[in-house]
Amino acid sequence: MMKKKKTRELLKKIGLYSFLFIGVIISMFPFYWMFIGATNPSGQIFSIPPNLTPGDHFFENLRNLNESVGIWRVMFNSLVITLIFTAVSVFICSAAGYAFAKFDFKGRNAIFFTLLLAIMIPYHVTLIPLFKLMADLEWLNTYRAVILPHLSYPFAIFLMRQNMKAIPDSLIEASRVDGAGEFRIFFRVVLPTMRPALAAVAIFLFMFQWNNFLWPLVVMNSSDMYTLPVALSSLVGMSRIDYGQIMLGTTISTLPIMIFFLLLQKQFISGILGGSVKE
Amino acid sequence: MFKRKMAGAFAGVMLVGGLAACGGGDDDAGTDNGNAGDGDGEVSGEITVWGWNVAASSMELAIEGFNEEYPDVEVNVQDIGRLDLYDRLTVGLAAGGSGLPDVTLIETDRIDNYVAEFPEGFLNLSEYGYDEYASEFGDAKIQATQNDDGDFIAAPWDVGPAAVFYRVDIFEEAGVDADSIETWDDFVEAGTTIKDATGSYMVPIDISADDALFRMMLNQQGAYYFDDEGNIDLTSDEAVQAMEKIQELHENELVANVDGWDGTVTSTVNGNVATVPFGVWYAGTIMDQAPELEGDWDVFELPAFEDGGNSAANLGGSDLSIISGTDNPDAAYAFVEYFTTTVEPQMAALDEYGMFPSLLSTYEEDYFDEESAFFNNSPVFRTFADMVEDIPGANYTSDYARAFRYASDAQASSLLQGQSPSETLRQAAEQLENETGRTINE
């Protein structure tokens, strides 16, 4: 009896693990393939049967890539833009979310409703007017033209508001009674309890800005101001494409996202779990 | 009370959060500081040129020669992805001309569309005297770069004479003589022999998304999506005949249905197909992506529909336009004129980057007769150059992109669902009529 149960458990485990293993292979293979492409000369990725071993063209691809787009400069642009954007935007969105969740002021619901409507406006509709605004301000080809327009991100505000609703009013009241100012309450009491939500929003905003393509493409004029996606896209010409360079560039561009995600992963997961438990 | 005020301010400020100040690179927005009106006739200043990939590199090559003639003009070439360039061009023109360069590369089949959309967007080159070069280019190129009034809106640059790239080794294995293929019927016959002997398909086609072969067949017969008056011409005998031929290729299992550009390149490299009928620019792609196939490729002219019929056709090509909002039209024109009408930069672009010139006087260069080791020691560029003057003109019109989509749909229905081409093309023509208001040629 006991033995049978044990075998069944074992089989279950084998089944589960092989299932997960297949999942890992499926999700990791594209990354591996990208890495292979990055270390081989251009035509190699078209060979049949596919070549699955790393090649020796890594440094040559890197040199070519740096010659074509100045990869380090472009990487620097992307990092500066994304990090400033993420930091400022997380602050703005959580503050706005806090106000919507915990303060009762005139027109709150109307403003919040307008905000939700804003989520529905397609990105492309705002492109031309926004571009004209940037041109009139003479902000084209600057970091601020990329950073500023999306700082207040409706979805992030919505997410923060929903999370902030869970904070007990009594906690805030108690802080007030203790004589804490509103900013002090926000920074010392509210934000620390929101860490999982903040991490989720930060990852979300980081990915949004890191992958943002159309807007930086339109406002950044000179190649030394390009962000990574824009620079990589410029590698795709008419009929002659160096896939080795593109694969290497793509590999480099996924690294920061991976690092950022791994750093915040713990917070992120506890954020997901946090939502599933009701006290 | 304080609470309320505070919160209102909070939410308000956050909503217009864009006002927060941020540091950033303070590069100059416009790079132009035109001073064309010097009075002494000297052209000087700074101009920006947009292009993509090898075309941009080609223009960069030309700067040195240009500066020998115009030492006071500084040219900045920016390399932007092809589709990215159009996005930026469209946004810039729609926003009234901000953030645009002085000169831009534009594909031949897109010119009409941009001119129709932004009639004031581009400089009339004829006003600057470009007409004097009208006899220097083939008719097809002239028709495509002039507007309805016969004024040059773009300066002709590269052209895409089309031919059939083929695998010498596969043909030999199947015992097929490439020179004996004169008509599309011969082509189908050769394809069947090759398929039986080697298993390779004859042509790669992205059946539901690209109709390049159809367009080449139309063009060589002097037809296209639209006639010279701009009426829809998809139901013409030429169009039906072309689509039927493609259907025949497919029914004989000679078409490899590939996925997009990458799919075409893949089957080119791995021997899945024995031929690729394409524009001359594909030579560079083959050499880049399949260096190990050196000597295994060669080129023969497109088959014709009847013995001795015209075989020349064009696929692709691009030209240079000047944005009308430029601060320095004289310098921009000087560059465009130098680049497109001087043999030297055109030959450098061909030699370094495979950009095939449309300037007829370049074809007198010995370079065209050189034998290419990659292409089976044939003088392939001469083959292409000889075609250019025979390429019939095509009226792309402002609805080119729509026609392209419907023609590709018609191709998909004809090949994948086996419907009759005269029917699918009729449907395509009717949809196009609905969408554009143009009339169908009966």
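Refer to the structure above for everything that follows.
Just so we're clear, the structure is a prediction, and the values are computed from it rather than from any experiment. (Residues numbered from 1 in each chain as written. Chains lettered and ligands numbered in written order. Predicted model: local features only at pLDDT ≥ 70, side-chain atom pairs only at ≥ 80, totals over all residues. Heavy atoms only, no water.)

Trainee: Give me the lowdown on the side chain of Ser126 of chain B, citing residues and values where you can.
Mentor: With respect to the helices and strands, Ser126 of chain B occurs in the loop between helix H4 (111-117) and helix H5 (139-145). Apart from the residues lying within four places of it in its own chain, the contact partners of Ser126 of chain B are Asp131, Gly150, Asp151 and Phe152 of chain B. (Helix = DSSP H or I, 4+ residues; strand = E, 2+ residues; numbered from the N terminus. Contact = heavy atoms within 4.5 Å.)

Trainee: Describe a positive patch on the surface, and please don't skip the residues or the numbers.
Mentor: Residue and element names in this part refer to chain A. A contiguous patch of positive charge, built from Lys4, Lys5, Arg8 and Lys12, is present on the exposed surface. Examined against the element boundaries, Arg8 turns out to sit in helix H1 (residues 2-38). Judged by relative accessible area, Arg8 falls into the exposed class, the value being 63%. (Patch = residues over 30% accessible without salt bridge, like charges linked within 9 Å, V, L, I, M, F, W, Y side chains within 5 Å. Areas by Shrake-Rupley, 256 points an atom, 1.4 Å probe, with all protein chains shown as cover. Salt bridge = Lys/Arg side-chain N within 4 Å of Asp/Glu carboxyl O. Lys, Arg positive; Asp, Glu negative; His and termini not counted. Charge placed at Lys NZ, Arg CZ, Asp CG, Glu CD. Buried < 20%, exposed > 50% of the residue type's maximum accessible area, 1.4 Å probe, protein only.)

Trainee: Go over the layout of surface pockets, please, and point to the residues and values.
Mentor: One simple way to see leftover space: roll a probe sized like a water molecule over the atoms. Here the second largest pocket defines a volume of roughly 970 Å³. If you trace the second largest pocket, you find 31 residues lining it, with Ser68 and Gln245 of chain A together with Asn53, Val54 and Ser57 of chain B closest to the centre. Broken down by secondary-structure element, the contributors of at least two residues to the lining of the second largest pocket are helix H2 (58-69) and helix H13 (243-276) of chain A together with helix H2 (53-69), strand E2 (73-79), helix H11 (282-289) and helix H13 (343-353) of chain B. Among the elements that take part in the lining of the second largest pocket, H2 of chain A stands out by supplying 6 residues, more than any other. Taken together, the residues that form the lining of the second largest pocket break down as 11 nonpolar, 12 polar and 8 charged. (1 Å grid on protein atoms, 1.4 Å probe; cavity = no way out; pocket = protein on both sides within 12 Å on 5 of 7 lines; lining within 4 Å. Points joined across faces, edges and corners; volume = space filled by probe spheres on them. Nonpolar A, V, L, I, M, F, W, Y, C, P; charged D, E, K, R; others polar.)

Trainee: Describe the pairing of strand E4 (residues 155-167) of chain B, naming the residues involved and giving the relevant values.
Mentor: Residue and element names in this part refer to chain B. Within E4, 13 of the 13 residues are buried, leaving the element largely enclosed by the surrounding structure. With 5 bridges connecting them, E4 and strand E9 (residues 314-322) associate as antiparallel partners. Within the sheet, the bridge partner assigned to Pro161 lies in E9 and is Asn314. Pairing between E4 and strand E7 (residues 275-279): 5 bridges, direction antiparallel. Following the sheet pairing, Val164 is matched in E7 by Pro277. (Pairing = 2+ DSSP bridges.)

Trainee: Tell me about the pattern of salt bridges, and please be specific about residues and values.
Mentor: Residues and elements named next belong to chain B. Applying the stated criterion across every chain, the model contains 16 salt bridges over all chains. In this structure, the salt-bridge partner of Arg167 is Asp169, at a minimum N-O distance of 3.0 Å. With a closest N to O distance of 2.7 Å, Arg402 and Glu435 form a salt bridge. With a gap of 33 residues between them, Arg402 in helix H15 (residues 400-416) and Glu435 in helix H16 (residues 421-436) connect regions that are remote in the sequence. The exposure class assigned to Arg402 is partly exposed, which follows from its relative accessible area of 32%.

Trainee: I'd like to hear about a nonpolar patch on the surface, residue by residue, with values.
Mentor: All names here are of chain A. Together, Val24, Met28, Phe31, Leu255, Met258, Ile259 and Leu263 make up a nonpolar patch on the protein surface, roughly 670 Å² of accessible area in all. Those elements giving two or more residues to the nonpolar patch turn out to be H1 and H13. In terms of residue count, H13 provides more of the nonpolar patch than any other element does, 4 residues in total. You can see Leu255 is positioned in helix H13.

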